Amino acid sequence: MITSPVATRVVNTERQHVKRLAQMQRVIYPTLTDEELLSAEHFLRHLTLFPEGQFTALAHVHDKWVVAGSTSTFRIHWDALHKQHTFLEITDGGWFDHHTPDGEWLYGGDLSVHPDFRGLGLGSRLYDARRDLVRRLNLRGEVAGGMLPGYDRHRHHLSIEAYVRRVVAGELRDPTLSVQLKNGFVVKGILYDHITDPRADNCATLIVRENPYYNRVSA
Ligand SMILES: CC(C)(COP(=O)(O)OP(=O)(O)OC[C@H]1O[C@@H](n2cnc3c(N)ncnc32)[C@H](O)[C@@H]1OP(=O)(O)O)[C@@H](O)C(=O)NCCC(=O)NCCS
């Protein structure tokens, strides 16, 4: 865990980053099955399909820039049919084959920061990079499935729906959802059986962040 101030930056993901990004997945997502983790081949495919939608967070430690986190996205046409979906369905097994070059929504397939580099603002900077991209491309906004790692501590007295309501109300803090709310996302519902995470009974939130500058005329 880094405690002293450290320089950080967010760049478009490059081929040289993907090996480390793939290595970090198991540490970041301890509950996921092998099938749900992104490999170096997955990251390379994302770069081929939609390079401008892939970002890596770097931290400057011991005179070197090291990979600390990333976000992987693709474009889709969003409709009610997609409201309930699993992570593997929507990401096409992590390959992002659903990427639609004229899709008007950005789907966040992954956004994560290595535990050693959390609390430095990198998660928020990665969300900033996505927001800037959405505005630049004049998209309607972003959609994602968000994990709920903090539910485990409250399961004995709250349903998952009540837990999410209390995190949204600011009465409880979830390590993931609270960061997303702070970054302007809104919860639209619960995704049941979304991803392997016994801490949240495999549930996730359906979160949306609309682009207030979306211009239908020039889209
Ligand atoms: C969610 C995640 C990306 C956040 O990354 P991060 O780099 O730690 O996020 P940030 O440093 O930008 O933190 C955001 C805010 O939460 C606050 N925060 C972080 N940990 C906190 C804590 N334990 N208590 C209170 N606030 C906390 C930070 O202070 C920051 O607020 P600030 O900007 O007012 O200082 C990271 O925890 C992660 O990778 N989790 C696992 C994967 C995951 O859940 N991804 C999300 C998509 S499903």
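The present account deals with the structure reproduced in this document. (Residues numbered from 1 in each chain as written. Predicted model: local features only at pLDDT ≥ 70, side-chain atom pairs only at ≥ 80, totals over all residues.)

### Examining the pairing of strand S7 (residues 204-210)
Point 1. With five of seven residues buried, S7 lies mostly within the body of the structure.
Point 2. Note: strand S5 (residues 141-146) against S7, six bridges, orientation antiparallel. Across the sheet, the residue bridging to Ala-144 is Ile-207, located in S7.
Point 3. Summarising the sheet, strand S6 (residues 186-191) and S7 pair through five bridges and their orientation is antiparallel. Bridge pairing in S7 places Val-186 opposite Val-208. (Buried ≥ 20, exposed ≤ 12 C-beta atoms within 10 Å, placed from the backbone. Helix = DSSP H or I, 4+ residues; strand = E, 2+ residues; numbered from the N terminus. Pairing = 2+ DSSP bridges.)

### Details of the site of the ligand
Point 1. Around the ligand, the structure places 18 residues, and the nearest of them are Ser-112, Arg-118, Gly-123, Ser-124 and Thr-176.
Point 2. Looking at the shell around the ligand, the elements that each hand over two or more residues are strand S4 (105-113), helix H4 (122-136) and helix H6 (177-182).
Point 3. Looking at the shell around the ligand, its residues break down into eight nonpolar, seven polar and three charged. (Near = placed C-beta within 6 Å. Nonpolar A, V, L, I, M, F, W, Y, C, P; charged D, E, K, R; others polar.)

### Some points on helix H2 (residues 40-49)
Point 1. All buried positions along H2 are accounted for by His-42, Phe-43, Arg-45 and His-46. For H2, the buried positions fall inside an angular range of 160° around the axis, keeping them on one side. Within H2, the exposed residues directed more than 90 degrees away from the buried face are Glu-41 and Thr-48.
Point 2. In this fold, the buried residues of H2 make contact with helix H1 (18-28), strand S2 (54-61) and strand S3 (64-76). (Arc of directions from axis to C-beta. Contact = placed C-beta atoms within 7 Å.)

### Looking at the environment of Pro-115
Point 1. Along the polypeptide, Pro-115 turns up in the loop between S4 and H4.
Point 2. Between the C-alpha atom of Pro-115 and that of Ser-39, which follows or precedes it by 76 residues, the distance is 19 Å.

### Let's talk about the nonpolar core
Point 1. Core analysis: the biggest nonpolar cluster contains 22 residues, and Tyr-107, Leu-148, Ala-200, Cys-203 and Ala-204 have the highest contact counts within it.
Point 2. Those elements that place two or more of their residues in this core are S4, S5, helix H5 (160-168) and S7.
Point 3. Look past the residues within four positions of Cys-203 in its chain and what remains in contact with it is Leu-148, Ile-160, Ile-190, Leu-191, Tyr-192 and His-194.
Point 4. By size, the runner-up hydrophobic cluster in this structure holds 20 residues, among which are Val-10, Leu-38, Phe-43 and Ala-59. (Core = buried A, V, L, I, M, F, W, Y, C linked by C-beta atoms within 7 Å.)

### Description of the environment of Leu-111
Point 1. Within the secondary structure, Leu-111 sits in strand S4.
Point 2. Separated by 38 residues in the primary sequence, Leu-111 and Thr-73 place their C-alpha atoms 8.7 Å from one another.

### Details of the pairing of S5
Point 1. With six of its six residues buried, S5 lies for the most part within the structure.
Point 2. Along S5, one buried face is formed by Gly-141, Val-143 and Gly-145 and the opposite face, lined by Glu-142, Ala-144 and Gly-146, is buried too.
Point 3. In the sheet, S4 pairs with S5 via four bridges, with the strands oriented parallel. Bridging across to S5, Gly-108 finds its partner in Ala-144.
Point 4. With H4 bridging S4 and the parallel S5, this β-α-β connection has right-handed handedness. (Right-handed = clockwise from strand over helix to strand, strands pointing away.)

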